[in-house]
Amino acid sequence: MKLEKRTTDALLMAEDLHVSYGAIRALQGFSFRLQDREIVSVIGANGAGKSTFMNAVMGMVKRDRGEVYLDGVKLPGKSFQVVQSGLSMVPEGRRVFAPLTVLENLEIGAFSRVARTGRGSVRRDMEWVFSLFPRLKERIAQPAGTLSGGEQQMLAIGRALMARPRVLLLDEPSLGLAPIVIQDIFKELRRINEEGVSILLVEQNARQALLLSQRAYVLQTGRLLKEGPSKELLADPEIRAAYLGIKGK
Amino acid sequence: MGIEVQFSTLFQQIINGLSLGSVYALIAVGYSLVYSILSFSNFAHGGFLVVGGYICYGLLAGFSVNILFTVPSFWWFSGFSVDFLLPVPSVNIWLAGAGALAGAGLIAILTERFAYKPIRERTSITLYLLIASMGISIVIENIFVIIVGGRFRALPPNTFPSKLFTLIGGVTVNASDILSLVFAVFFLGGLQLFLNRTRWGLAIRAAACDLRTAGLMGVNVSQLIAIVFFVAGLLAAVGGIFLSARYTLYPQLGGTITTKAFVAAVIGGLGSLPGAVVGSLALGLAEMLTAGFISSQMRDLVVFSMLVIMLLVKPAGFFGRQISDKI
């Protein structure tokens, strides 16, 4: 028997998600949980359905079946409503608004809540973002398109934080960045998490993702292959061979 | 003596050109704004201008609406019908103008809601939107042919001051030209303030860069598009009022002017608002200088030559969007 209201200890929960693009079934019954203040990663190869999963949670693609719950309440279908209910996403490829300044990019991040919380809190949150990424403050009046790739990623994360999310979703934050920059950004993600924001991370860079997260899901062609504590997956020979590029012991 | 006459003609035609160009700018800017958000050429844009022009004309002259209300008969109840004329009194230019702006804005929103939105939601191919907009422009044109007829109409005399000022050197300037220039600057300045100083303005600028990601920022994209169409329709109506004061009003006016706005927007760089203003002024000046020094009939030839030259020399236009995405 199905219950209408879910009583669960999970902050974010997805059940039996199905998504297809025409005849291609990108996601075939994926279920997922994220506890409050947890970092969870979803790893998998290209085309495994990772980004589709994230877009389905955010209301960017239509779900054929399945629901997503935040604190036991069904998430609305449209992206702007999802953002208002407390989820915020850093899209793949950063997608900062290139002609807009750094400041304007951060301001637009607060769009959905500025009427509710007032301008003062926007300024406070901006100071918090600047304390995480001081480089953004140096470049505050510059158009975002003139920033380096790493700085653009910082801006995209800062912009998402301006919405004051309970869960921060990141789609491939390491994409196209130098290893040293990736290290920096993942260090800041840990700090953001320590300040109370739960994190859902989708990554092809499985090693970095598993090192950061507490638990992980492994997706393969739209289905769950494995799930468990990240440490165990890091030690799993099958995962090591397929996703970490390490053969043998 | 001859040179003096030439000089005063030049000066006069520059003022005329700026005045006409500023009216084009009102139309081209709205057109460019829609293009920047949805990446299609809205050929129904001139229709909004015609809607604004006719609402203004109707409210100035006063008209009556024939209301026919029929209750059909069924079973034991014999139906009846009510048929009466609802007179709409004539009002002053301020009220008529406000009505025209609001009416055209509303028609623009409805056009988007019922003609474009269903297409947008099904496909990302913008060619379909372009074709739909051509259809809508024909629909609007023919609605006016049916309800008010196809003949040319002029706004009632003395709607706008028509006093002539004589400046130094025998240059005469028509007060209504100055008026249209002032109003165009006022509305374009207002748009600039709206885009740069308000929350929704910022959202529109973000959406012009990346509509999908703007939605991820918590912006209600449907509402944003409605606002953009309202603003575009409103600005077109301002242009429509001044065009019908300068020339005449007729159902096909929209098509002619859309072409001009399109040329102006392409010259300035499609999707760029400063580009639309610069392109429009260049177009207005070119038309008026051609009319003043060569021949009035050569105006359109010059306009389209400018388009061809621009496309050959700098296809992106003066302020064309450069593709500089970092991956």
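Use the structure listed above.
Rules of the game
- Residues numbered from 1 in each chain as written.
- Chains lettered and ligands numbered in written order.
- Predicted model: local features only at pLDDT ≥ 70, side-chain atom pairs only at ≥ 80, totals over all residues.
- Heavy atoms only, no water.
- Salt bridge = Lys/Arg side-chain N within 4 Å of Asp/Glu carboxyl O.
- Helix = DSSP H or I, 4+ residues; strand = E, 2+ residues; numbered from the N terminus.
- Buried < 20%, exposed > 50% of the residue type's maximum accessible area, 1.4 Å probe, protein only.
- Contact = heavy atoms within 4.5 Å.
- Buried area = accessible area lost by both parts, 1.4 Å probe.
- Polar contact = N/O pair within 3.5 Å; in protein donor to acceptor, adjacent residues only side chain to side chain.
- Nonpolar A, V, L, I, M, F, W, Y, C, P; charged D, E, K, R; others polar.
- Pairing = 2+ DSSP bridges.

Asks: Explain the pattern of salt bridges here, please?
Replies: Opposite charge on two side chains permits them to pair, given that their charged atoms come into close proximity. Residues and elements named next belong to chain A. One pass over the full model with this rule turns up 21 salt bridges over all chains. Note that Arg191 and Glu188 form a salt bridge whose closest N and O atoms lie 3.3 Å from each other. Taken together, the residues span about one helical turn, with Arg191 and Glu188 both in helix 8 (residues 179-194) at a distance of 3 residues. Here Arg191 falls in the partly exposed class, since its relative accessible area comes to 33%. Between Lys226 and Asp236 there is a salt bridge whose closest N-O contact spans 2.9 Å. Residue Lys226 is found in strand 10 (residues 223-229), and its partner Asp236 is found in the loop between helix 10 (230-235) and helix 11 (237-243); the two are separated by 10 residues along the sequence. On the basis of relative accessible area, Lys226 is assigned to the partly exposed category, the value being 23%.

Asks: For this particular structure, what's the right way to read the interface of chain A and chain B?
Replies: Where interface size is quoted, it is often the accessible area lost as the parts come together. Of the residues lining the interface, 28 residues belong to chain A; the matching set on chain B comes to 19 residues. Taking both sides of the interface into account, the surface hidden between chain A and chain B amounts to around 2200 Å²; carbon and sulfur atoms contribute 65%. Between chain A and chain B we count 2 salt bridges in total. The shortest N-O distance in the salt bridge between Arg205 of chain B and Glu104 of chain A comes to 2.9 Å. The interface formed by chain A and chain B includes 3 residue pairs in polar contact (both at pLDDT 80 or more). Those elements that provide at least two residues to the side of chain A that touches chain B are helix 1 (50-58), helix 2 (79-84), helix 3 (102-109) and helix 7 (149-161) of chain A. Classifying every residue of the side of chain A that touches chain B gives 14 nonpolar, 9 polar and 5 charged.

Asks: Would you mind showing me how to read the sheet that holds strand 1 (residues 12-21) of chain A here?
Replies: Backbone-to-backbone hydrogen bonds pair the strands of a sheet. The strands run either parallel or antiparallel. Residues and elements named next belong to chain A. Here 4 strands make up an open sheet; going across it, the order is 2-1-4-5 and the pairing antiparallel. On the outer flanks of this sheet lie strand 2 (24-34) and strand 5 (73-74), each paired with one strand and no other. In the sheet, strand 1 pairs with strand 4 (residues 65-70) via 5 bridges, with the strands oriented antiparallel. What sits directly across from Met13, in strand 4, is Tyr69.

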